[in-house]
Amino acid sequence: MNTLEGKRILVTGASRGIGRAIALGAAAAGADVAVLARSAETLDAVAAEVKDLGRRAVPVVCDVTDPARLDAAFAEAADGLGGLDTVVNNAGGFYHSGPFLELTQGDWERTRGLNIDPTVQLLRLAGAHMAANGGGSVLNVTSIAGLGGAPRLSLYAVCKAAMVSLTKTLAVEWAAHDIRVNAIAPGWIDTKLTSGFTSHPQVKEALQQEVPQNRWAAPEDVADAAVFLSGDGARLITGAVLVLDGGLTSQLSAVARGLLGVGRAAA
Ligand SMILES: NC(=O)c1ccc[n+]([C@@H]2O[C@H](COP(=O)([O-])OP(=O)(O)OC[C@H]3O[C@@H](n4cnc5c(N)ncnc54)[C@H](OP(=O)(O)O)[C@@H]3O)[C@@H](O)[C@H]2O)c1
């Protein structure tokens, strides 16, 4: 059963990329959707696409790094849809990449301010709302960067690792309230966030070559998994971190693949 029929869902970072695809995927699966981001114009366009799918849409303009605004925005989304069954915590990203010792305390505060502080606040809001209203589900968008070492992306990676920890902890704490908490960990997805890589053909190709499926994924590839985890078909799944990376983190090293004659390195 892969439907969100009758569900009311808030997606943060929904004006483009993965969040937009999740919002539209949820609407196509039958959900009413509150879409949150900073840019009013693009949010209105996504809201119009949701309505074209026959669902209600509530655009909520909010910078998640502003705690007072995030509190108010959550209330706007919940009031606008008459309650929230699912919250997708997707807004996030990185500002820079580089060796750890070249990054400053200011870089850390900025990265944490976008990825962790709003996550903690949004989870507190979502958990309280759902506990008071009979349950629900939360989906955190983390990254494969948060599952292991991530050279040159250390500050972003530690924030994404913290999301994995919170996902598992809250899955246990909130099970008694019928709230499921899961995460998805995408690999390389072709969005504005990764345009610094994809705009260089050689970098784009080199990163793709490392992926066993040999492709950059589209936001819609992520959205399909997000819709599944948000629906009742995933009713037994909580505390899970679903990796969506075309096999990238499952493989042996390139040298080992070549020596053993497996995978693309051997081809
Ligand atoms: N792309 C990948 O390869 C990849 C891989 C793993 C994980 N992820 C994660 O997936 C999530 C979405 O990434 P994406 O690739 O779709 O990035 P994206 O194309 O840059 O989209 C980011 C979205 O977040 C919104 N946003 C950014 N800062 C915000 C803020 N301060 N307040 C509210 N909204 C904000 C943006 O809208 P506005 O600018 O209008 O606010 C936009 O809607 C992120 O958490 C990212 O870390 C991405």
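Residues numbered from 1 in each chain as written. Predicted model: local features only at pLDDT ≥ 70, side-chain atom pairs only at ≥ 80, totals over all residues. Heavy atoms only, no water.

1. Overview of unusual backbone geometry
Okay, step 1: For D178, which is not glycine, the phi dihedral falls at a positive 65 degrees.
Okay, step 2: Even without being a glycine, N214 presents a positive backbone phi close to 55 degrees.
Okay, step 3: On the secondary structure map, N214 appears in the loop between α8 (201-209) and α9 (219-230).
Okay, step 4: With a relative accessible area of 26%, N214 lands in the partly exposed category. (Helix = DSSP H or I, 4+ residues; strand = E, 2+ residues; numbered from the N terminus. Buried < 20%, exposed > 50% of the residue type's maximum accessible area, 1.4 Å probe, protein only.)

2. Comments concerning the pairing of strand β6 (residues 179-186)
Okay, step 1: Of all eight residues that make up β6, eight are buried, and the element is covered over most of its length.
Okay, step 2: Side chains I179, V181, A183 and A185 of β6 all project onto a buried face; the interleaved residues R180, N182, I184 and P186 project onto the opposite face, where all are buried too.
Okay, step 3: With six bridges joining them, strand β5 (residues 136-141) and β6 adopt parallel strand pairing. When the sheet's bridge partners are listed, V141 is paired in β6 with I184.
Okay, step 4: Each parallel crossover has a hand, and the one from β5 via helix α6 (residues 154-174) to β6 is right-handed.
Okay, step 5: Note: β6 against strand β7 (residues 241-244), four bridges, orientation parallel. Residue pairing in the sheet places A183 in a bridge with V241 of β7. (Pairing = 2+ DSSP bridges. Right-handed = clockwise from strand over helix to strand, strands pointing away.)

3. Quick notes on the sheet that holds strand β2 (residues 32-37)
Okay, step 1: The strand order across the open sheet built from seven strands is β3-β2-β1-β4-β5-β6-β7, with neighbouring strands paired in parallel fashion. Pairing within the sheet leaves two strands with one partner each, and these edge strands are β3 (57-61) and β7. Here the average twist between neighbouring strands, direction ignored, is 15 degrees.
Okay, step 2: Relative to β5, strand β4 (residues 86-89) runs parallel, the two being bridged by four bridges. The residue bridging N89 from the neighbouring strand is N140, located in β5.
Okay, step 3: Together, β4, β5, β6 and β7 form the strand contacts of α6, whose direction differs from that of β6 by roughly 160 degrees. (Axes fitted to C-alpha atoms, helices over the stretch in contact; angles between N-to-C directions. Contact = heavy atoms within 4.5 Å.)

4. Structural notes on the site of the ligand
Okay, step 1: Neighbouring residues of the ligand: 31 residues in total, closest S15, R38, S39, Y156 and T191.
Okay, step 2: Here an oxygen atom of the ligand and a side-chain polar atom of S39 are 2.4 Å apart.
Okay, step 3: Contacts to the ligand include Y156, whose side-chain N or O atom sits 2.6 Å from an oxygen atom.
Okay, step 4: Protein contacts shield 95% of the accessible area of the ligand, which totals 880 Å² for the unbound molecule.
Okay, step 5: The pocket occupied by the ligand, as judged from atoms lying within 2 Å of grid points, is the largest pocket.
Okay, step 6: Looking at the shell around the ligand residue by residue, the class counts come to 13 nonpolar, 13 polar and five charged. (Near = heavy atom within 4 Å. Polar contact = N/O pair within 3.5 Å; in protein donor to acceptor, adjacent residues only side chain to side chain. Areas by Shrake-Rupley, 256 points an atom, 1.4 Å probe, with all protein chains shown as cover. 1 Å grid on protein atoms, 1.4 Å probe; cavity = no way out; pocket = protein on both sides within 12 Å on 5 of 7 lines; lining within 4 Å. Sits in = over half its atoms within 2 Å of the grid points. Nonpolar A, V, L, I, M, F, W, Y, C, P; charged D, E, K, R; others polar.)

5. Considerations on the packing of helix α4 (residues 105-115) against helix α5 (residues 117-132)
Okay, step 1: α5 packs onto α4 with a crossing angle of 25 degrees between their chain directions and a minimal axis gap of 3 Å. The angle between α4 and α5 places the two elements in the roughly parallel class. Each of R112, G113, L114 and N115 in α4 lies in contact with α5, whose residues at this interface are D117, P118 and T119. (Parallel < 35°, antiparallel > 145°, perpendicular 65-115°, else oblique.)

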